[in-house]
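# Examination of the molecular architecture
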Amino acid sequence: MTKQNVSLEDLKNTVDAADNAQGNTPEDQQPKYTKKVDAQGRAYATGKRKDAVARVWIKPGNGKFTVNGRDWMVYFGRPVLRMLMSQPFAVTNNVNSFDVVCTVKGGGLSGQAGAVKHGISKALVNFDPELRPVLKKEGFLTRDARVVERKKYGRPKARRSFQFSKR
């Protein structure tokens, strides 16, 4: 008959002993982030926001942005959207040091700018894993999960009701 563990503490000690025998320590269990670049020296990432999906490639350069084959100043006309997209570079002190090429589909301009920002942040981590703590602290690596609420039946919009009539 096999030996039975009497308490959770005994079970924990058994698991710890097995891990130490295999050479596993808590530091080994932490995920390792490595540099991921292709043959052309580009880092790739996918960013998402609302219904928009952005595929982003970054490579060392002089700060040229291209969105769907057009200059980003033309594609994103509002200065707020351009500021939103350049935040990851400003936080990591890499302004005008990377060229960005991205394709964006779905959603509106605001969602697309947020998707590009998310993709740039993830691509920067793929290019240089040392930038991860800075971007993580600012919240740029977290996908913003807020999406439009669906329309309910019997209502004109998601929550709006028809005007009440007393008579």
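A few points on the structure. (Residues numbered from 1 in each chain as written. Predicted model: local features only at pLDDT ≥ 70, side-chain atom pairs only at ≥ 80, totals over all residues. Heavy atoms only, no water.)

### Structural notes on the pattern of salt bridges
Applicable threshold: For this document, the term salt bridge refers to a Lys or Arg side-chain nitrogen within 4 Å of an Asp or Glu carboxyl oxygen. Helix numbering and strand numbering both begin at the N terminus, where a helix is a DSSP run of H or I of at least 4 residues and a strand a DSSP run of E of at least 2. Think of it in three bands: residues with accessible area under 20% of the maximum for their type are buried, residues over 50% are exposed, and the middle band is partly exposed, with areas taken using a 1.4 Å probe on protein chains only.
The full count for this structure, using the stated rule, is 5 salt bridges. Salt-bridge contacts for D144 lead to R49; the nearest nitrogen and oxygen are separated by 3.5 Å. Separated by 95 residues along the polypeptide, D144 in the segment after α5 (132-138) and R49 in strand β1 (residues 43-49) bring together distant segments of the chain. The class for D144 is partly exposed, based on a relative accessible area of 25%. The closest approach of N and O atoms between E149 and R159, which form a salt bridge, is 3.0 Å. You can see E149 sitting in the segment after α5 and its partner R159 sitting in the segment after α5, a full 10 residues away along the chain. On the basis of relative accessibility, which here comes to 63%, the residue R159 falls in the exposed class. One network of salt bridges, with partners in common, ties together R49, D144 and R146.

Interpretation in functional terms is not warranted from these geometric data alone.
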